[in-house]
Amino acid sequence: MNNTRHIISILLENEAGALSRVANLFSARGFNIECLTVAPTEDASLSRLTLVTTGNEDIIEQIVKQLNKLIDVVKLIDLTEGPHIERELMLIKVKATGEQRAEMQRLTDIFRGRVIDVTDSTFTIELTGTSDKLDGFIGAVHSDNILEVVRSGVTGIARGQKSLHV
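Along each chain, residue indices are assigned from 1 in the same order as the chain's sequence is written. Under the rules for a predicted model, residues below a pLDDT of 70 receive no local features and side-chain atom pairs below 80 are neither given nor counted, while totals for whole chains, interfaces and linings still include all residues. Hydrogens are left out, water is left out, and the side-chain values use all remaining heavy atoms of the structure.

A. Focus on the overall build of the protein chain. Across its full length, the protein chain carries 4 helices and 9 strands. Written out in order from the N terminus, the α and β elements of the protein chain read β-α-β-β-α-β-β-α-β-β-α-β-β. The principal-axis extent of the C-alpha atoms belonging to the protein chain is close to 55 × 40 × 35 Å. Long-range pairs, those at least 24 residues apart, make up 73% of the contacts in the protein chain between residues at least 6 apart in sequence. Working definition of accessibility: Shrake-Rupley area with a 1.4 Å probe, residue cover restricted to the visible protein chains. Looking at the protein chain as shown, the accessible area adds up to about 9500 Å², and 50% of this sits on carbon and sulfur atoms. The charged-residue count follows a simple rule in which Lys and Arg add positive charge and Asp and Glu add negative charge, with His and chain termini not counted at all. The atoms used to mark charge sites are NZ of Lys, CZ of Arg, CG of Asp and CD of Glu. Averaging the locations of the 18 positively and 23 negatively charged side chains of the protein chain gives two centres separated by 2 Å. We count a stretch as a helix when DSSP gives it H or I for four or more residues in a row; a strand needs E for two or more, and each element gets its number in order from the N terminus. Only heavy atoms enter the contact rule, under which two residues are in contact if any of them lie within 4.5 Å.

Have a look at this one:
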């Protein structure tokens, strides 16, 4: 059985404890959440929760069934079952002195990032893209030069006419 990565997007009642109940479902069954993002939607009564998990088809099917049983879950979709767009935001603070500054700027340009803060010894860079792209940037920067990394986690949306709405 092949463990694959799945992006599950959930419309959730925007109420206290809703996120906790989703997290507890995973914890109680020994499932791992690799990343989790949640924010209000255009409807103030709903939040959109996007989580990434891995598992074989049986495990993912079980996760989806259990999530659908939660009272707070209005609707959900496994984005990885069809064409979708996924993005993640990363802010990374790196050492940038002397010749490092030009090299860091060049690398940022190659990865289509933006330098959003500059001091005499650091650059803070904003990058958006797939998780693989962000991992690639981190890999291209010497680890001794990385001071701090903050990542938003994956968010995604189905392509074309398919959408998650009530």
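B. Seen up close, the pairing of strand S6 (residues 114–118). Relative to strand S7 (residues 122–129), S6 runs antiparallel, the two being bridged by 4 bridges. The residue bridging Arg114 from the neighbouring strand is Glu126, located in S7. Strand pairing is assigned whenever DSSP identifies at least 2 bridges connecting the two strands. Connecting the antiparallel pair S6 and S7 is a turn made up of 3 residues.

C. Local environment of the nonpolar core. Judged by nonpolar contacts, the single largest core of 17 residues is most densely connected at Ile8, Ile10, Val22, Phe26 and Leu67. For this core, the secondary-structure elements that each account for two or more residues are strand S1 (4–13), helix H1 (18–29), strand S3 (46–55), helix H2 (57–69) and strand S4 (73–78). Residue contacts for Val22: discarding those within four places in its chain leaves Leu12, Leu49, Leu51, Leu67 and Leu70. Side-chain atoms within 4.5 Å link the members of a nonpolar core, which is a set of buried Ala, Val, Leu, Ile, Met, Phe, Trp, Tyr and Cys residues. Summary of the burial criterion: residues with accessible area below 20% of their type's maximum are buried, those above 50% are exposed, and those between are partly exposed, where the area comes from a 1.4 Å probe applied to protein chains only. Judged by nonpolar contacts, the second largest core, of 13 residues, contains Met90, Ile92, Ile125 and Leu134.

D. Molecular detail of the sheet that holds S3. Within the open sheet, the 4 strands sit side by side as S2-S3-S1-S4. Their pairing is antiparallel. A strand with exactly one partner marks an edge of an open sheet, and here the two such strands are strand S2 (35–40) and S4. Averaged over all pairs of adjacent strands, the angle between their axes in this sheet comes to 20°, without regard to strand direction. Here 5 bridges tie S1 to S4, and the two strands are oriented antiparallel to one another. Note that in S4 the partner of Ile8 across the bridge is Asp78. Only the stretch in contact is used when a helix axis is fitted, and all axes are lines through C-alpha atoms; the angle between N-to-C directions ranges over 0 to 180 degrees.

E. Broad picture of the side chain of Thr41. Among the structural elements, Thr41 can be located in the loop between S2 and S3. Polar contacts, as counted here, are pairs of nitrogen or oxygen atoms within 3.5 Å of one another; within protein the pair requires one atom able to donate a hydrogen and one able to accept it, and residues that are adjacent in sequence qualify only if both atoms are side-chain atoms. A distance of 3.0 Å separates the side chain of Thr41 from the backbone oxygen of Asp43, its partner in a polar contact. Each residue touching Thr41, except ones within four places of it in the same chain, is listed here: Leu11, Leu46, Ser47 and Arg48.

F. Representation of the environment of Arg48 within the structure. By secondary structure assignment, the location of Arg48 is in strand S3. Overall, the relative accessible area of 21% leaves Arg48 in the partly exposed class. As a C-alpha pair, Arg48 and Ser9 span 39 residues in sequence and 6.9 Å in three-dimensional space. Excluding residues that lie within four positions of it along the chain, Arg48 makes contacts with Ser9, Ile10, Leu11, Thr37, Val38, Ala39, Thr41, Gly156, Ile157 and Leu164. One polar contact links the side chain of Arg48 to the main-chain carbonyl oxygen of Gly156, over a distance of 3.4 Å.

Remember, this is a structural readout, not a statement about activity or role.
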